[in-house]
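# Reading the structure
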Amino acid sequence: MKKILFAFSFMLITAALSAQNNLPASDSLRKDALNVYMTANDFLKKEMPFLNYVRDIKDADVYIISTVERTGAGGFNYAYFLVGQNRFKGMADTIKVASSPDDTQDQIRIKQATGLKMGLMRYIVKTPLGQYFRISFTQPMAETVTTDKWNSWVFRASMNGNLNAQQTSKSSQVSGDLSASRVTENWKINLRGRYNYSESVFDIAGRKVKSDNDSRSFNALIVRSITDHWSYGGSANIEYSSYSNVALGARFLPGIEYDLFPYSQSTRRQLRLLYSFGYENVSFIDSTIFNKVAEAHLLHSFNAAYEVLQKWGSIDITLDYKNYLHDWSLNNLSLDASANIRIFRGMSVNFGGGASLIHDQLGLPKQGATDEQILTRQRELATTYSYFTRFGLTFTFGSIYNNVVNPRFGDVGGFSGGISGGSGGGGGGGGRRMNF
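In short, a report on the structure. On a predicted model such as this, the values are computed, not experimentally measured, just so you know.

Relative to strand β8 (residues 187–204), strand β7 (residues 169–183) runs antiparallel, the two being bridged by 15 bridges. When the sheet's bridge partners are listed, S181 is paired in β8 with N190. In textbook terms, the turn of a hairpin is the stretch between consecutive antiparallel strands, and for β7 and β8 this stretch comprises 3 residues. In this sheet, strand β9 (residues 207–225) lies alongside β8 in antiparallel orientation, the contact comprising 18 bridges. Note on β9: the bridge partner recorded for Y197 is D214. Hairpin connection from β8 to β9: 2 residues lie between these consecutive antiparallel strands, with A205 at a positive phi of about 55°.

In structure tokens, the structure reads:
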């Protein structure tokens, strides 16, 4: 066996040395290719082999910032901001690619690659490689635009479940989601109903311990645009939650929002200020620490959100404040922040965290929670604060080029060799993400 292992190791080393000594002749066109800095997966590198993908933004002729936002139809809108440097300084473009909710991951990534190719042509045509491209239009175009019979309404329904078990424990969960939305330039309407039930059973020294959690909710959001900076609307919520001791809770919060920057620039920067004033009525499952089985109060809230994405990185900060008007000591203040900053060539740092001052837990049950409920986190516990932090540091050095894709041996050693779609802007999930 030792001889076999030795022979196999010798063969691998010989092959590696041979590969180093027999590298193919350098591509005469490669030196003239456009240097691009962006987050590119294996698919994009294969689709656009006429680019040099550099590791550092300072080495780029063009750097690309990508963002993604969910559309009203349930798909995603990918935006690519192309900014020229060095010989292309002063040139800038924005490319947008939209996906529909029924697009496959392959269809999405093909659309992304096509959009990027078209956006980069303006730069590539100024290089020696421009002479090797041909432009064609492949899709017939109708002379008229058909009317949307659904009037921009989109409906979704989903159901999920899972079961996990081993000798001493078992857990199961079932959830459902039903939603309807309509998003236009002037209106944003989201209606959503949710159901979730989870159960866990543990065998502790022959004793069965069971814990469960049940929640149901309906949420509605209606927003009307006023100008490119102002909008107004309101939200309504109805819920049942065994975790929060809520038998029936209803809240209505109309509000008005101002964005310091135009909404049309939302993918690059936002500074939104939202004030809401409303009413809440709650019936509790068990009597609370305030000896109440039901409460009804006026309340108001303030939200400030700042997001910016630039070549040096991104910053995202959100501040929330809420209090009940009958007793201003019943309040909640929270701050969440994250940042990804490029320090210098090859060095970047990302950090974030959040903290909350909590003084508005009206629904805490008088009887408290059992040890099992505390350990399995099935009931809300009394607290006056919460916080979390994270930090990361990345340093990369070596060759500035990152063109070659080699999927052999797959994801060995933690390096991806898969075929996942997307291009840094992401391919799924709600909200908005911004990347280089």
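Following the structure, the description resumes.
Moving on to the nonpolar core. L34, L51, I64 and L120 are the most contacted members of the largest nonpolar core, which has 29 residues in total. Those elements that provide at least two residues to this core are β1 (34–37), α2 (42–47), β2 (51–53), β3 (62–70), β4 (76–84), β5 (92–99) and α3 (105–124). With 6 residues, α3 is the single largest residue contributor to this core. Beyond its immediate sequence surroundings of up to four residues, L120 is in contact with L34, V36, M48, L51, V62, I64 and L82. Of all hydrophobic cores here, the second largest spans 9 residues; its members include A60, Y63, F81 and L309.

Enumeration according to the criterion identifies 15 salt bridges in this entry. The partner of D32 in a salt bridge is K31, with the nearest N and O atoms 3.4 Å apart. Relative accessible area serves as the criterion here: at 23%, D32 is assigned to the partly exposed category. Taking the relative accessible area as the measure of exposure, K31 reaches 65% and is therefore exposed. Linking R216 and D214 is a salt bridge whose minimum nitrogen-to-oxygen distance equals 2.8 Å. Residue D214 is classed as buried on the basis of its relative accessible area, which comes to 13%.

What counts, and at which threshold
Residues numbered from 1 in each chain as written. Predicted model: local features only at pLDDT ≥ 70, side-chain atom pairs only at ≥ 80, totals over all residues. Heavy atoms only, no water. Pairing = 2+ DSSP bridges. Helix = DSSP H or I, 4+ residues; strand = E, 2+ residues; numbered from the N terminus. Core = buried A, V, L, I, M, F, W, Y, C linked by side-chain atoms within 4.5 Å. Buried < 20%, exposed > 50% of the residue type's maximum accessible area, 1.4 Å probe, protein only. Contact = heavy atoms within 4.5 Å. Salt bridge = Lys/Arg side-chain N within 4 Å of Asp/Glu carboxyl O.

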